[in-house]
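Here is what each chain is made of, one letter per residue.
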Amino acid sequence: GVLPDSGPYNTSHVPWCYSPGYFAPGHYRLMRAFAVNNWRQYANSYLPPRLSGMPTSLSDLTDAFDGAVVAGYNILYYSSCESGAVSNWVGVKAECPTPGALNCAGVPWATTPFVGEAGTCTASGTSFAAYGAEASRAMWRIAMDFILYPEWATKIPI
């Protein structure tokens, strides 16, 4: 998916290829709310440390959920057709200067819907730049976000 084709975090699947149908913002917000409302100190030991070895916290976890929602909506925005339909697969290439980096500055939708300037991708046999089985999930997952969090679902920074 959204991983590079080389380095320690490389993917064995098609690199930089993302299916908008897997984006589930309402679910991410629900998991975030559950964590916030039910967090206990002992749960800190379940969080992975930073690459530097420093511990992470509930704040880091909630930031990750929030970031996934904002990035996902931006990918949808930049990859949608004028009609609002999304594709089965889109490109989200945001390559780091160092292949060993887990994240870096940049936006994964800079060249979306393409992989890079003009590349395409698919990872399930469904077509790139076409509406089909993969893409059909997106509308249900976006609807769930609006049903569960109507006050948040309409306030995404694009």
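Only a predicted model underlies this, so the values are computations on that prediction, with no experimental measurement involved.

Looking now at the environment of Ala 138. Counting through the fold element by element, Ala 138 comes out in helix α3 (residues 136-148). Each residue touching Ala 138, except ones within four places of it in the same chain, is listed here: Pro 20, Gly 21 and Val 86.

Let us now look at the state of the cysteines. Scanning all chains against the criterion turns up one disulfide. For Cys 17, the disulfide goes to Cys 121, at an S-S distance of 2.2 Å. Judged by the sign of its S-S torsion, about 85°, the cystine formed by Cys 17 and Cys 121 is right-handed. Separated by 104 residues along the polypeptide, Cys 17 in strand β1 (residues 17-18) and Cys 121 in the loop between β2 (90-91) and α3 bring together distant segments of the chain. The class for Cys 121 is buried, based on a relative accessible area of 6%.

All right, on to a nonpolar patch on the surface then. Together, Leu 30, Met 144, Ile 147 and Leu 148 make up an exposed nonpolar region whose accessible area comes to about 360 Å². Take the nonpolar patch: its biggest share by element is three residues, from α3. As for its position among the elements, Met 144 is in helix α3.

Let us look at the nonpolar core. Formed by 14 residues in total, the largest nonpolar core has its most connected members in Tyr 18, Tyr 73 and Ile 75. Counting residues per element, this core draws most heavily on helix α2 (residues 58-79), at four residues. If you look at the next biggest cluster of nonpolar residues, it comprises six residues, including Cys 17, Val 115, Cys 121 and Phe 128.

Here helix α1 (residues 25-38) is 14 residues long and its end C-alpha atoms lie 20 Å apart, about the 20 Å a rise of 1.5 Å per residue gives. Every buried residue of α1 is accounted for by Pro 25, Gly 26, Arg 29 and Ala 35. Buried residues belonging to α1 abut α2, α3 and α4 (150-153).

Enumeration over the complete set of coordinates arrives at five aromatic pairs. Here Tyr 77 and Tyr 78 contribute two aromatic rings whose centre-to-centre distance is 4.9 Å and whose plane-to-plane angle is 85°, an arrangement assigned as edge-to-face. Residue Tyr 78 is classed as partly exposed on the basis of its relative accessible area of 38%. One aromatic cluster is present, formed by Phe 23, Tyr 28 and Tyr 73 through successive ring pairs.

Next up on the list: the packing of α1 against α2. Contact geometry of α1 with α2 gives a least axis separation of 10 Å together with a crossing angle of 165°. Looking at the two axes, α1 sits roughly antiparallel to α2. Seen along the crossing, α1 lies across α2 with a hand that is left-handed. On α2, the residues touching Pro 25, Tyr 28, Arg 29, Met 31, Arg 32, Ala 35 and Val 36 of α1 are Leu 58, Leu 61, Thr 62, Phe 65, Asp 66, Ala 68, Val 69 and Tyr 73.

About the thresholds
Residues numbered from 1 in each chain as written. Predicted model: local features only at pLDDT ≥ 70, side-chain atom pairs only at ≥ 80, totals over all residues. Heavy atoms only, no water. Helix = DSSP H or I, 4+ residues; strand = E, 2+ residues; numbered from the N terminus. Contact = heavy atoms within 4.5 Å. Disulfide = S-S within 2.5 Å. Buried < 20%, exposed > 50% of the residue type's maximum accessible area, 1.4 Å probe, protein only. Patch = residues over 30% accessible without salt bridge, like charges linked within 9 Å, V, L, I, M, F, W, Y side chains within 5 Å. Areas by Shrake-Rupley, 256 points an atom, 1.4 Å probe, with all protein chains shown as cover. Salt bridge = Lys/Arg side-chain N within 4 Å of Asp/Glu carboxyl O. Core = buried A, V, L, I, M, F, W, Y, C linked by side-chain atoms within 4.5 Å. Expected span 1.5 Å × (residues − 1). Phe/Tyr/Trp six-rings, centres within 6.5 Å; stacked < 30°, edge-to-face > 60°. Axes fitted to C-alpha atoms, helices over the stretch in contact; angles between N-to-C directions. Parallel < 35°, antiparallel > 145°, perpendicular 65-115°, else oblique. Left-handed = near helix turned anticlockwise from the far one by under 90°.

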